[in-house]
Structures are given as structure tokens and as C-alpha cells.
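Residue-level structure breakdown
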Amino acid sequence: MGVVGTSGATTPVEAQDADEEWPQYQYDAHNSGYSAANTAPSDWVDEKWRTAIEGDPTAPIVKDGTVLIGADGDQSGVYAFDTDDGSELWQFDEPEYVSYPPAISGETVYVNGDTLYALDTTDGSVKWTNDNANWVSQPVVVDDMLYVAQRNSVTAVNTTDG
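Remember, it's a predicted structure, so these values are computed and weren't measured experimentally.

**Looking at the sheet that holds strand β9 (residues 108–112)**
Within the open sheet, the four strands sit side by side as β8-β9-β10-β11. Their pairing is antiparallel. The open sheet has two edge strands, β8 (103–105) and β11 (126–130), and neither has a second partner. On average, each strand axis in the sheet is inclined to that of its neighbour by 20°, with strand direction left out of account. Pairing analysis gives three bridges linking β8 to β9, with the strands arranged antiparallel. Paired with S105 across the two strands is T108, which belongs to β9.

So this is what it looks like as C-alpha cells:
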């Protein structure tokens, strides 16, 4: 058990739940970057695995035993790895660039570049695309809507068909 100090008081907290999901950048649709179930580790952290990624990586997201990360550069795409051993589950290398972290909702991964993609979480296959260019932010999922900033606007698309 660790101790966190707040305003002169101390509150005991449990160590982070390793099974906690982090389905989109900054944890939730509010971009809070906070989950009450996640706290700093109370003991020394040992590296469990490491996997090389070609290109410049985005922030990772985690859901259902899978860590997803985008990469920008010569080997642009989305990579899915097993959280237990780091083995690659699938790779989607179609986007022109992936500068922002993907988001997951249900069985779908959302990633943007010049095209907005909805990918199946199990194998990375394309469910739908939206070619409305100039996506300039990470996607955010709330209920059945996907929100993405474009140059000078914000766009909402249905998660079912884009």
C-alpha cells in the first residue's frame, strides 16, 4: 500500500490495477488523464517487455489485454501488442501518417491521418473510412459519436459507419 499526500493530509491508496483499461488519450472523453483505480506503483518497477517500433510513436492506449500505438514516419501505422509478453498481434500500415493516439470503443479502434479509419480490434481489418481530410487531433469517443478536430472546426461522426 502506498501513501499519497494532499493538502497536508495523507490518504492510503492501493497500487495500480494492471487490468485497468486506458481506452483513449488522456483516459476518457473529458481528457482528465485520471482514473481513481490507477495510482503510482508503490514498489520498484521492472521492465516486463520491450518491442521496437519503426517511426515516431504516439501515446499508447490499452484495452482488453492489448496495447495499441500509432507511429508516424517511414513506417507509419498502428501496432497492436499483447500486454503480457509484447508479441505483435497485428499491424495496420495503410495510413499516410499517424500523429495522434488512436481511441478504442467496444470492438473498434479509431485512428486518423489524412483518412479517419475504424479498425477491428481483433485483427486490424478496416470496418469503415471517412476521407474528409485535415484531421488534426486524436479521436475522442462518447457514446455512439466520434469527435475529431479539423482545421478550423470540430467534426462529429457516427461510430457505426463514419
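**Digging into unusual backbone geometry**
Most of the time, phi is negative for any residue but glycine, and the peptide bond is trans. Even without glycine at this site, D64 takes up a positive phi of about 50°. With respect to the element layout, D64 can be found in the loop between β4 (61–63) and β5 (66–72). The backbone of D143 sits at a positive phi, close to 55°, despite the residue not being glycine. Within the fold, D143 resides in the loop between β12 (140–142) and β13 (145–150). According to the relative accessible area criterion, D143 is exposed, its value standing at 69%.

Conventions adopted
Residues numbered from 1 in each chain as written. Predicted model: local features only at pLDDT ≥ 70, side-chain atom pairs only at ≥ 80, totals over all residues. Heavy atoms only, no water. Pairing = 2+ DSSP bridges. Helix = DSSP H or I, 4+ residues; strand = E, 2+ residues; numbered from the N terminus. Axes fitted to C-alpha atoms, helices over the stretch in contact; angles between N-to-C directions. Buried < 20%, exposed > 50% of the residue type's maximum accessible area, 1.4 Å probe, protein only.

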